[in-house]
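What the coordinates show
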Amino acid sequence: MKVCPQCTQRYPHESSFCFVDGSSLEPLPDPRLGTTLSGQYVLEQVLGEGGMATVYRARYKLVDRPWAIKILHAEVVRDPTVKERFRREAQHGRTITHPNIIEVHDMGETEDGTAYLVMELLEGQTLAHVISQGRVPVDRTIKLAAQLLRGLSRAHDFLVIHRDLKPENVFVLKGDRVKILDFGIARSMHDSRLTSVGEIFGTPEYMAPEQGTSTDVGPPADIYSLGVMLFEMLTGALP
């Protein structure tokens, strides 16, 4: 997040100038940097920030290994539904362990009661960035798609439906290894329901038609989303 030094208005990280007075924005210091979670994880760098959480690079003191830690924002952590979805993201990530799904190592709470997830630290780029560079060759598309299918198959074996599969939630590592990210709105068909009538989850461009009318979607919804992604990889455009 950034801040205007004149009016102190806050802006997303990608903004450059204040729309009120035109001043150049400055990074807002994160008070969590340099602190230690649970006596084990030292927060060293902000990797990204979204509407629900901030992701940090952290160092595990016991074996000096880097991890990525996702911490919920204080303004959403009081919502019990959000907190339960966060817990289920950790549960899904630890249950459906697979080379093509991001590893979830641990879960806990900060001293002020904010929930966090400890995940493997990935180095590479999102599939969205890959697509933005131009059409993906057929051979490379097949290689990436095969790994996505293996990861989805593992999740579906445990009756976990991702429900928001899109290029931003796929990470491409060195050697074109693929990791599926963010099971935050995934639903296990064993879970009790957390959705209300009329509540819809997903990203419209990649959502299967049935996601617009029901929360009880199954594995075909993820396959539909994958099909849209493959179309976009090969053509450079959405269907």
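Just above sits the structure.
Everything in this summary refers to the structure shown in the same document. Numbering of residues starts from 1 in every chain and runs along the sequence as written. Since the coordinates come from a predicted model, pLDDT governs what is reported: local features require at least 70, and pairs of side-chain atoms require 80 or more to be given and counted, while whole-chain, interface and lining totals use all residues. For the side-chain quantities, the full set of heavy atoms in the structure was used; hydrogens and water were omitted.

This next bit is on the side chain of aspartate 106. Put simply, DSSP marks the helices as runs of H or I at least four residues long and the strands as runs of E at least two long, and each gets a number from the N terminus on. Topologically, aspartate 106 is positioned in strand 8 (residues 104–109). Within the local environment of aspartate 106, its side chain forms a polar contact with the side chain of tyrosine 41, the two groups lying 3.1 Å apart. Any pair of residues with heavy atoms lying within 4.5 Å of one another is described as a contacting pair. Discounting residues that sit within four places of it in the chain, aspartate 106 has contacts with Tyr41, Arg94, Tyr116, Leu117 and Val118. Pairs of N or O atoms are called polar contacts if they sit within 3.5 Å, as long as, within protein, a hydrogen donor faces a hydrogen acceptor (for residues adjacent in sequence, only side-chain-to-side-chain pairs).

A separate point is the sheet that holds strand 9 (residues 115–120). On the basis of which strands lie adjacent, the open sheet formed by six strands has the order 4-5-6-7-9-8 and antiparallel pairing. Looking at strand neighbours, the two that pair on one side only are strand 4 (36–37) and strand 8, the edges of this open sheet. Examined bridge by bridge, strand 4 and strand 5 (residues 41–49) share two bridges and lie antiparallel to one another. Paired with threonine 36 across the bridge in strand 5 is valine 42. The axes used here are C-alpha line fits, helices contributing only the stretch in contact, and every angle between their N-to-C directions lies in the interval 0 to 180 degrees. Strand contacts of helix 2 (residues 80–95): strand 7 (65–72), strand 8 and strand 9, with the helix running at about 155° to strand 8, the strand carrying the most contacts. Between any two strands, at least two bridges found by DSSP are needed for them to pair.

This paragraph deals with helix 5 (residues 219–235). Look at helix 5: 25 Å from first C-alpha to last across 17 residues, which is about the 24 Å you get at 1.5 Å a residue. For helix 5, the full list of buried residues reads Ala221, Asp222, Ser225, Leu226, Val228, Met229, Glu232 and Met233. The arc that holds the buried residues of helix 5, viewed along the axis, is 155°, so those residues lie on one side. Two residues or fewer after helix 5 comes glycine 236, characterised by a positive phi angle close to 80°. The span expected for a helix works out to 1.5 Å for each residue beyond the first. When a residue's accessible area, from a 1.4 Å probe over protein chains only, is under 20% of the maximum for its type it is buried; when over 50% it is exposed; and in between it is partly exposed. Arc definition: it is the arc formed by the directions from the helix axis to the C-beta atoms.

Our next topic: the pattern of salt bridges. In a structure, side chains of opposite charge can pair up when their charged atoms sit close to one another. Should a side-chain nitrogen of Lys or Arg be within 4 Å of a carboxyl oxygen of Asp or Glu, the pair is scored as a salt bridge. Counted under the stated rule, the structure contains seven salt bridges. Measuring nitrogen to oxygen at the nearest pair gives 2.8 Å for the salt bridge that ties arginine 140 to aspartate 176. Pair noted here: arginine 140 is in helix 4 (residues 138–157) and aspartate 176 is in the loop between strand 12 (170–173) and strand 13 (178–180), with a separation of 36 residues, a long-range link. A relative accessible area of 28% places arginine 140 in the partly exposed class. Taking the relative accessible area as the measure of exposure, aspartate 176 reaches 15% and is therefore buried. In the salt-bridge network here, residues are joined through shared partners; they are Glu44, Arg57 and Arg59.

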